[in-house]
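Structural description and commentary
Letter by letter, the chains look like this.
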Amino acid sequence: MKMPTNGVAKDIRHYVGSLIVFFLVVLILYYLTKYTIPSDNAQIVNTLIGMIAASIAMVIASITGRNPDDLEAAKKKISNLEMKIEMLVQSKDMLENMLIKVQDDTIDRLLLNKTLQYDDCKTGKCKCKNQCKNES
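The structure reproduced in this document is the subject of the present report. (Residues numbered from 1 in each chain as written. Predicted model: local features only at pLDDT ≥ 70, side-chain atom pairs only at ≥ 80, totals over all residues. Heavy atoms only, no water.)

Considerations on the packing of aromatic side chains
Under the convention used in this document: Pairing of aromatic rings covers Phe, Tyr and Trp, the last counted by its six-membered ring, and requires centre-to-centre distances within 6.5 Å; plane angles under 30 degrees mean stacked, over 60 mean edge-to-face, and any other angle means tilted. Three exposure classes are used, based on accessible area relative to the maximum for each residue type with a 1.4 Å probe and protein chains only: buried under 20%, partly exposed in between, and exposed over 50%.
Counted under the stated rule, the structure contains one aromatic pair. Judged by centre distance (5.0 Å) and plane angle (40 degrees), the ring pair of tyrosine 31 and tyrosine 35 falls under tilted. Tyrosine 31 sits in the partly exposed class, given a relative accessible area of 45%.

Quick look at the structure:
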């Protein structure tokens, strides 16, 4: 029988191993409900049961298909994307500020230009025949 080489066999081994550990914990719990443990071995049995029960989180993660390495990779990717978003927001803010400055400068130049034209018209320097000379 040829085993797959793309990591599927590893996932299958993890899945089967997790199921075995899970059923082992269930069998131990069933045994403890039916029979009593002698006080001589109580500490050893409690330690072993505690160690097996501590691995339940990894067992459940493996059964449900969650891989801790995948979780870490996803966290790194998320933090990388968050940094990129921060950089994009900063760039957007910088561009908005530049646009506001350009708009302010353009408005100032237009107002200055129109003011100078009006002043030239009032003084007669523009040599136009507008009514602005007569308004004073």
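Don't stop here, the text continues.
Let's talk about a negative patch on the surface
Definition in use: Residues with no salt bridge and a relative accessible area higher than 30% make up the patches, which join like charges within 9 Å and nonpolar side chains (Val, Leu, Ile, Met, Phe, Trp, Tyr) within 5 Å. Areas reported here follow the Shrake-Rupley algorithm with a probe of radius 1.4 Å; residue values treat only the protein chains shown as occluding. Whenever Lys or Arg places a side-chain nitrogen within 4 Å of a carboxyl oxygen from Asp or Glu, that contact is recorded as a salt bridge. When charges are counted, Lys and Arg are positive and Asp and Glu negative, with His and the chain ends excluded. The location of each charge is read from NZ of Lys, CZ of Arg, CG of Asp or CD of Glu. The helix and strand labels rest on DSSP assignments: H or I over at least four residues marks a helix, E over at least two residues marks a strand, and numbering proceeds from the N terminus.
Residues Asp11, Asp69, Asp70 and Glu72 make up a contiguous surface patch of negative charge. For aspartate 69, the position within the fold is in helix α4 (residues 68–123).

Describing the pattern of salt bridges
Close approach of charged atoms allows side chains of opposite charge to pair. Per the counting criterion, the structure on display carries three salt bridges. Lysine 101 is the salt-bridge partner of aspartate 105, the closest N and O atoms lying 3.2 Å from each other. With aspartate 105 and lysine 101 both in helix α4 and four residues apart, this pair spans about one turn of that helix. Residues joined in a network through salt bridges with shared partners are Lys92, Asp93 and Glu96.

Quick word on a nonpolar patch on the surface
On the surface, a nonpolar cluster with roughly 430 Å² of combined accessible area is contributed by Val8, Ile12, Tyr15, Val16 and Ile20. Note on placement: valine 16 falls in helix α1 (residues 8–34). In this structure valine 16 comes out as partly exposed when scored by relative accessible area, which is 41%.

Some points on the environment of methionine 58
Mapped onto the elements of the fold, methionine 58 is located in helix α3 (residues 56–63). Methionine 58 sits 40 residues away from serine 18 along the chain, and the two C-alpha atoms are 8.0 Å apart.

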